[in-house]
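Examination of the molecular architecture
Listed below, chain by chain, are the residues.
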Amino acid sequence: MDNILLYQQLAHWYHLLIPPQAAQNEGLAYNKLLCDAVAGRPRPWSLLELGCGGGLVAMFLKQSFVVTLTDISPTMLDVSRQLNPDIEHLPGDMRTLRLGRVFDVVYAQDALCYLSSAEEVRQTVATVAAHTHRQSVVLLCPDAMAESFAEYRTCTGAVGPDARRGRLDEWNHRLPGYRSGPDYVCDFVYELTQADGTVSTFQERHHLKAYSRELWIGLLREAGFHTELIEFDRRCYPRQGLIARRH
Ligand SMILES: C[S@@+](CC[C@H](N)C(=O)[O-])C[C@H]1O[C@@H](n2cnc3c(N)ncnc32)[C@H](O)[C@@H]1O
């Protein structure tokens, strides 16, 4: 992953650009799905997130799970700690992470679209497998998968207690010439308003991948999992996810 403004230099604006409410629909939907999936297992239920970012979805998952959050960016772990001081945070690259522990749930969402090759997807599936036991449940919700790729545009923002204001415009799309294959981009515009009213704007393009369901499901099968496609309601983004259990 290249040096990304949103996760590095502008990370201290993150929760003003993408406030926790922006993840509420997904957070509540994932929490319910996962509670139903592990019902019957002894509590407390443990959950590992790969690529937790600002810890927005984790805010909802921690209502039911003892959550461990990991991310490749120490800056983003600090951002998440502000929302989730009660949760364990550990540095880790999802391609290589080995905590030597297993969890009732292993979960990852939009961080998966930063994996830059099918080999990195395979490595990540190996990480998932290394942190599961026989009854674990895996939930993977990449922002996009090839078969269902659709352009997506959204705008979020918030006003902070210190009167700073953030606004983020996000446009996920495929560039001309990249209509097939996994490549797409997310064009972001960040608008930052200081407490004294000074405004600055930044633009950056994130280069992302929408791998096929077939690839995910095939690699999960090789790692010993059978996988089901889940459809979430239209208030959720992404609309689809993969839920996997050991054979
Ligand atoms: C959009 S943010 C995730 C937001 C998160 N879904 C939330 O609820 O706040 C994407 C995150 O993926 C992380 N990331 C990208 N590649 C990674 C990797 N190989 N291993 C771990 N984290 C990674 C980035 O550092 C970034 O924090």
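Residues numbered from 1 in each chain as written. Predicted model: local features only at pLDDT ≥ 70, side-chain atom pairs only at ≥ 80, totals over all residues.

Here's the deal with the sheet that holds strand β8 (residues 183-193)
- If you walk across this open sheet you meet the 4 strands as β6-β7-β8-β9, and the pairing is antiparallel. Among the strands making up the open sheet, the edge pair consists of β6 (152-159) and β9 (199-209). Here the average twist between neighbouring strands, direction ignored, is 15°.
- Of the pairings in the sheet, the one linking strand β7 (residues 165-173) to β8 comprises 9 bridges and is antiparallel in character. For W171, the partnering residue across the bridge sits in β8 and is D187. (Pairing = 2+ DSSP bridges. Helix = DSSP H or I, 4+ residues; strand = E, 2+ residues; numbered from the N terminus. Axes fitted to C-alpha atoms, helices over the stretch in contact; angles between N-to-C directions.)

Brief notes about the site of the ligand
- Surrounding the ligand, one finds 22 residues, the nearest of these being G51, G53, L56, I72 and A111.
- By residue class, the composition of the shell around the ligand is 12 nonpolar, 6 polar and 4 charged. (Near = placed C-beta within 6 Å. Nonpolar A, V, L, I, M, F, W, Y, C, P; charged D, E, K, R; others polar.)

Topic: the domain arrangement of the protein chain
- Structurally, the protein chain comprises domain 1 (5-145 + 211-246) and domain 2 (146-209).
- Taking only C-alpha atoms, the centre of domain 1 and the centre of domain 2 are 21 Å apart.
- In this assembly, 21 residues from domain 1 lie in contact with 23 residues from domain 2.
- Its residues placed into classes, the side of domain 1 that touches domain 2 shows 16 nonpolar, 3 polar and 2 charged. (Domains from an automatic or database assignment. Contact = placed C-beta atoms within 7 Å.)

Structural notes on the sheet that holds strand β5 (residues 132-140)
- What the 7 strands build is an open sheet, ordered β3-β2-β1-β4-β5-β11-β10; its pairing is mixed. A single partner strand is all that each edge strand has here, and the edge strands are β3 (88-91) and β10 (225-231). Adjacent strand axes in the sheet meet at a mean angle of 20° when their direction is disregarded.
- Bridge count between strand β4 (residues 103-108) and β5: 5 bridges; the pairing is parallel. Along β5, the bridge assignment pairs Y107 with L139.
- Sheet strands in contact with helix α2 (residues 24-38) are β4, β5, β10 and β11 (240-246), and its direction is about 160° off that of β5.

Describing the pairing of strand β2 (residues 66-71)
- Summarising burial for β2: 5 of the 6 residues are buried, a large majority.
- Bridge count between strand β1 (residues 46-50) and β2: 5 bridges; the pairing is parallel. When the bridges of β2 are listed, L50 appears paired with T70.
- The handedness of the β2 to β3 crossover, carried by helix α4 (residues 74-83), is right-handed. (Buried ≥ 20, exposed ≤ 12 C-beta atoms within 10 Å, placed from the backbone. Right-handed = clockwise from strand over helix to strand, strands pointing away.)

What to know about the pairing of β5
- Crossover handedness for the path β4 to helix α5 (residues 118-130) to β5: right-handed.
- Both β5 and β11 contribute to a ladder of 4 bridges, which runs antiparallel. The partner of L140 across the bridge, within β11, is L242.

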